[in-house]
Amino acid sequence: RAGKINYIVAYKLDRVTRSVRDLETLISELEKHHCYLVCEKDEVNTSNANGRFFIRMLTVLSQLEIEIVSERTKFGLNGAIKSGHIPSRCPLGYKRENKKMVIDESTKDIVIRIFNMYLEGKSYQTIANILNNEQVPTSRKGKWKDCTIEHIINNKIYMGDYEQFKRVGKEQGKEPIIYKNVVEPIITKAMFEDAQLQKEKNQRAFCRDRVYIFMQKLLCPKCSKIMQCKGSGGKKKKY
């Protein structure tokens, strides 16, 4: 743009881009400033019409190759998931055997107990406190937390279904892909659905009667996590 460069030299075209759209934008920008792209290995030079035609053809072929590989990868991944090869870390209650996700008999009862306690009306934090007091081991190092219990209650894998792109889909406003009956379930579908209904009951029962002006505004200076608010009780309701 400053007029100091006449040529941009690359080893090969696919080292610059494999997208037809990106290439058109690049060529248009270079021509506007009287600059040209040279790809040494492909013998491409955009300073003439033949070079620009040839470089477009190479880019189309490169993009086609990427799309074909992507389709094959997705097809293979879908087949692997349907046969029980789940591409994620095994949650509590499951383990790996021959690359397949199978029930872990040593921990599955913990999952069943968590669902039973939740259906009894206990909150995430209450369940976490009970498990911590009994020193029940977690799937990861550390103590039980309310978010850990919430993740278990919301995980469809426990009724045999795998939910793919759940987090990414939520961020992009898209629906996740659900694969039905890909692993052996720990709980029934009816029990999982009852837990989701119980979640709605718990949300309606909870009502915040205090105003915390610093809620989600203060961070711990050591771990950078959001500091929690806790009322002291009584009529003054200080915290």
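What counts and what doesn't
- Residues numbered from 1 in each chain as written.
- Predicted model: local features only at pLDDT ≥ 70, side-chain atom pairs only at ≥ 80, totals over all residues.
- Heavy atoms only, no water.
- Salt bridge = Lys/Arg side-chain N within 4 Å of Asp/Glu carboxyl O.
- Helix = DSSP H or I, 4+ residues; strand = E, 2+ residues; numbered from the N terminus.
- Buried < 20%, exposed > 50% of the residue type's maximum accessible area, 1.4 Å probe, protein only.
- Pairing = 2+ DSSP bridges.
- Phe/Tyr/Trp six-rings, centres within 6.5 Å; stacked < 30°, edge-to-face > 60°.
- 1 Å grid on protein atoms, 1.4 Å probe; cavity = no way out; pocket = protein on both sides within 12 Å on 5 of 7 lines; lining within 4 Å.
- Points joined across faces, edges and corners; volume = space filled by probe spheres on them.
- Nonpolar A, V, L, I, M, F, W, Y, C, P; charged D, E, K, R; others polar.
- Contact = heavy atoms within 4.5 Å.
- Core = buried A, V, L, I, M, F, W, Y, C linked by side-chain atoms within 4.5 Å.
- Right-handed = clockwise from strand over helix to strand, strands pointing away.

1. A short note on the pattern of salt bridges
Per the stated rule, a full pass over the model turns up nine salt bridges. For Glu134, the salt bridge identified is with Arg113, shortest N-O distance 2.6 Å. Note that Glu134 is positioned in the loop between helix H4 (124-133) and helix H5 (146-154) and Arg113 in helix H3 (residues 108-119), a separation of 21 residues in sequence. The class of Glu134 is partly exposed, set by a relative accessible area of 43%. If you follow the salt bridges from partner to partner, you end up with Arg1, Glu29 and Lys32 in one network.

2. Brief notes about the sheet that holds strand E2 (residues 36-39)
Ordered in space as E1-E2-E3, the three strands form an open sheet in which the pairing is mixed. Looking along the sheet, the strands with just one partner apiece sit at the ends: strand E1 (7-10) and strand E3 (44-45). Sheet analysis places E2 next to E3, joined by two bridges and oriented antiparallel. Bridge pairing links Cys39 to Val44 in E3.

3. Some words on unusual backbone geometry
In this structure, Gln135 takes a positive phi of about 55° despite not being glycine. For Gln135, a relative accessible area of 69% translates into the label exposed. One non-glycine residue, Asn181, lies in the positive phi region at around 55°. As for its position among the elements, Asn181 is in the loop between strand E7 (177-179) and helix H7 (189-205).

4. Comments concerning the packing of aromatic side chains
As enumerated under the stated definition, the model contains six aromatic pairs in all. Aromatic pair Tyr118 and Tyr124: ring centres 5.2 Å apart, planes at 5°, arrangement stacked. Of the two residues examined, Tyr118 and Tyr124, each falls in the buried class.

5. Comments concerning the layout of surface pockets
Empty space within the second largest pocket amounts to approximately 840 Å³. Taken together, 32 residues line the second largest pocket, and the ones lying closest to its centre are Arg89, Pro91, Arg140, His151 and Asn155. Of all elements in the fold, only H5, strand E6 (162-164) and helix H6 (166-172) reach the threshold of two or more residues within the lining of the second largest pocket. Counting residues per element, the lining of the second largest pocket draws most heavily on H5, at six residues. Partitioned by chemical class, the residues of the lining of the second largest pocket number 12 nonpolar, nine polar and 11 charged.

6. Focus on the environment of Glu24
Inspection of the secondary structure puts Glu24 in helix H1 (residues 20-32). Along the chain, Glu24 and Arg52 lie 28 residues apart, while their C-alpha atoms are 9.9 Å from each other.

7. Things to note about the environment of Lys156
By secondary structure assignment, the location of Lys156 is in the loop between H5 and E6. Considered as a pair, Lys156 and Phe192 are 36 residues apart in the sequence and their alpha carbons are 7.8 Å apart. Filtering out sequence-adjacent residues up to four positions away, Lys156 remains in contact with Asp161, Glu163, Ile178 and Phe192.

8. Brief notes about the nonpolar core
Formed by 34 residues in total, the largest nonpolar core has its most connected members in Tyr94, Ile114, Phe115, Trp144, Ile149 and Tyr158. In terms of residue count, the dominant contributor to this core is H3 (six residues). Setting aside residues up to four positions removed in sequence, Ile149 forms contacts with Ile114, Tyr124, Ile127, Ala128, Leu131 and Trp144. Among the nonpolar cores identified, the runner-up in size contains 10 residues, and Ala10, Leu23, Leu37 and Cys39 belong to it.

9. Some details on the pairing of E1
Bridge count for E1 against E2 is four bridges, and the pairing is parallel. Among the inter-strand pairings, Ile8 is bridged to a residue of E2, identified as Leu37. Once you follow E1 into H1 and on to E2, the crossover reads as right-handed.

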